[in-house]
Amino acid sequence: MSFYAEFRMLSEKAMTFNFPPEMPLTEVFRGRHVLDMEKCVGCGLCEKICPNLAITMVERGEADEKRSYPQVDYGKCCFCGLCEDICPREALKLSHFPFIVVLGRDALVYPPEKLAEPPKLEHPVPPKIKGITNWAISRSFWVNFFFTGCCFIEAAPWVGSGFDMERFGMLAKGSPRHSDVLLIGGYVTVKTLRRILRIYEQMPCPKYVITLGCCPVNGGTYWDSYNTINNLEKYMPVDIMIAGCPPRPEPIGLAVVLAMNAVQSGYMGKEEKVNKEEGFLEVPSVEESREEGEYSIPFGPQHPASGNFDVYFKLEGEHVKSARPNPGYLHRGFEKLMEYRTWWQNIMLVQRVCVLDGASYELSYIGAVEKLAGVEVSRRVKYLRTIQAELCRIQSHLLNLGLIGGATGFDTMVRIAWGDRERILLLLEKLTGGRIYHIYNIPGGVRRDLPSNFKDDFKKEMKYMLKQLDLYDNLCFNNPVFNGRTKELGVLPGDMAVRLDVTGPNARASGVRFDVRKASPYETYDELEFNVVTSEGSDAYSRVLCRRKEIEESLYIVENALEKIPGGKLFERNAKGGLRLSPFSPLPKGETIHCVESARGELCFHLVSNGKNTPYRAKIRGPTFDSILVAMPKVLEDEHVAEIPVIYWSLDNCPADHDR
């Protein structure tokens, strides 16, 4: 079966990214701003609504004719689009242009005059080749990844069949001593900075640094978190910056071309300079008592199979005696940050609690806000939210299938699953305007309606995905090698899952038949038929198989929802009691909780309002805290050290969720 599946893949054309990219990209994508200076009245609402302080009003004109216009700092902008929504004259709009790749921090600040220019992708003219050495280096970048946060999710596609970075001469390396490019993706904390500097120092010269997203530039969305490193350049040189939150994958290709051109013309990186003057950069010593015959090893946060997470293991020979999680590499203090942002601004923030499944966090938060406001949305809105949630569940499970493939050494699965995930992300982009962070829901409704051709697009992708699921079965689940690497590993008995409060596919794979969509229906799940996928295996194989089957169930849920979706309003402005919902309106005093079934299990938002336009308190019950920080150490006991990555990813970790 697996041989037949491999032969079929060789006979079909792969879906591969074309570079230079063909413009335009999807027209609805939220990209760089465009300003109509004639329409702008200088009201400053865009500055007031911006949660990241990315917009400032600057004056233009002579003496008595001065007028204020917005200026955007793309080292801070998260492309949430709230500024576009609130602009009374539609003077400030978001284009679909995602390419903001610069060589210096100052180039990220766009004054009104530059915003008024229509964005245009200009491919650089290749410079003359200085010599054979420079040419060879420019065609062979060995990349060491350090994914510190959300931007991992848009760098990961370059490993899949959708982009295939090896065509650019880029090879991913697990060791900094063999790498000449350090790709830093996302939010940098004090804890991660220590690791980044250590890795940078180990790299041989010449070496280059590329950063993804706003966070390494100045803290991005988390500019006011105490744990944020607001300027990475203060501690180490940065050669290329890619703006976005997170950036799309395509700008990474543009950055690579810029790097190739620079290196072949003689550029050999900035002067190696590391700043360790501040005391918090000293690596704390850890003393552990060990018995004779034991030894300790760390797993992460830079291990290729750990993600941005760390575990200390005590081993007896090749077997795990104990495991102690060392979280905190992605601690951003979400619940506290929410208290300093309005109910509306937090829509942008909550998706980032788990970049792997942002829609669920958006729906859970919005559901809690609407309960506080006393607003009931139309059935059409509920159907649209259900469609969004299930598509997001599919892409999350596809990501996990790829991670499991990588953990078992089955790289083919990584490339196929992550390539297929791009097709689901495209559907989400057409629906919401965003690939990863949709920011689709607002208190009282949604921001846009279903595109006219969405049903046809989905039917096409559903037909394709059902065919691919058969391929996954033949390649993976019916493969004796994969079965041998996953069956009877990391056994989590059902009674232990219940006792440790494990939910989602991890619990259902142990026979626990609990799904929030059935137990406490929300949106339109009580109107749609679907099966709760369970298994009795309780092992790594059963957990992965549950996710594969849930992909199929989600496809049928979306198909059913698209057939049944009724007409109705997209936004209900007035709530009970005469409350009028707006971006700056307060909510009545009270508290509420709203739970949903995320891709990883039960997710709840508990919100408290004191009658102001910001939350008084916010508490998140995330699904991975119990499964990773509590259950995983117990599940790993007595397992072979080589099986750690397989068991770890079978539990489908989202470090950002439990670090919060």
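Above: the structure in question.
Okay, so let's go over this structure. The structure presented is a predicted model; accordingly, all values stated were derived computationally and were not measured.

## Let's talk about the state of the cysteines
Considering all chains together, one arrives at two disulfides under this definition. At a sulfur-sulfur separation of 2.4 Å, the disulfide partner of Cys354 is Cys654. Its S-S torsion of about 130° marks the bond between Cys354 and Cys654 as right-handed, since a negative value means left-handed. Here Cys354, found in the loop between helix H11 (346-350) and helix H12 (358-373), pairs with Cys654, found in the loop between helix H22 (644-650) and helix H23 (655-659); they are 300 residues apart in sequence, far enough to count as distant. Judged by its relative accessible area of 2%, Cys654 falls in the buried class. Here Cys595 is linked by a disulfide to Cys604, with a sulfur-sulfur distance of 2.2 Å. Across the disulfide from Cys595 to Cys604, rotation about the S-S bond amounts to roughly 105°, and the bridge is consequently right-handed. With a relative accessible area of 5%, Cys604 lands in the buried category. If the cysteines joined by disulfides in the chain are listed in sequence order, their pairing comes out as 1-4, 2-3. Between Cys87, a cysteine without a disulfide, and Cys43, which holds the nearest cysteine sulfur, the sulfur-to-sulfur distance is 6.1 Å.

## Thoughts on empty space enclosed by the protein
One pass over the structure, following the stated rule, counts six cavities of 30 Å³ or more. Lining the largest cavity are 22 residues; nearest its centre among them are Phe29, Arg30, Phe79, Cys245 and Pro246. In terms of residue class, the lining of the largest cavity is built from twelve nonpolar, four polar and six charged.

About the criteria used
- Residues numbered from 1 in each chain as written.
- Predicted model: local features only at pLDDT ≥ 70, side-chain atom pairs only at ≥ 80, totals over all residues.
- Heavy atoms only, no water.
- Disulfide = S-S within 2.5 Å.
- Helix = DSSP H or I, 4+ residues; strand = E, 2+ residues; numbered from the N terminus.
- Buried < 20%, exposed > 50% of the residue type's maximum accessible area, 1.4 Å probe, protein only.
- 1 Å grid on protein atoms, 1.4 Å probe; cavity = no way out; pocket = protein on both sides within 12 Å on 5 of 7 lines; lining within 4 Å.
- Points joined across faces, edges and corners; volume = space filled by probe spheres on them.
- Nonpolar A, V, L, I, M, F, W, Y, C, P; charged D, E, K, R; others polar.

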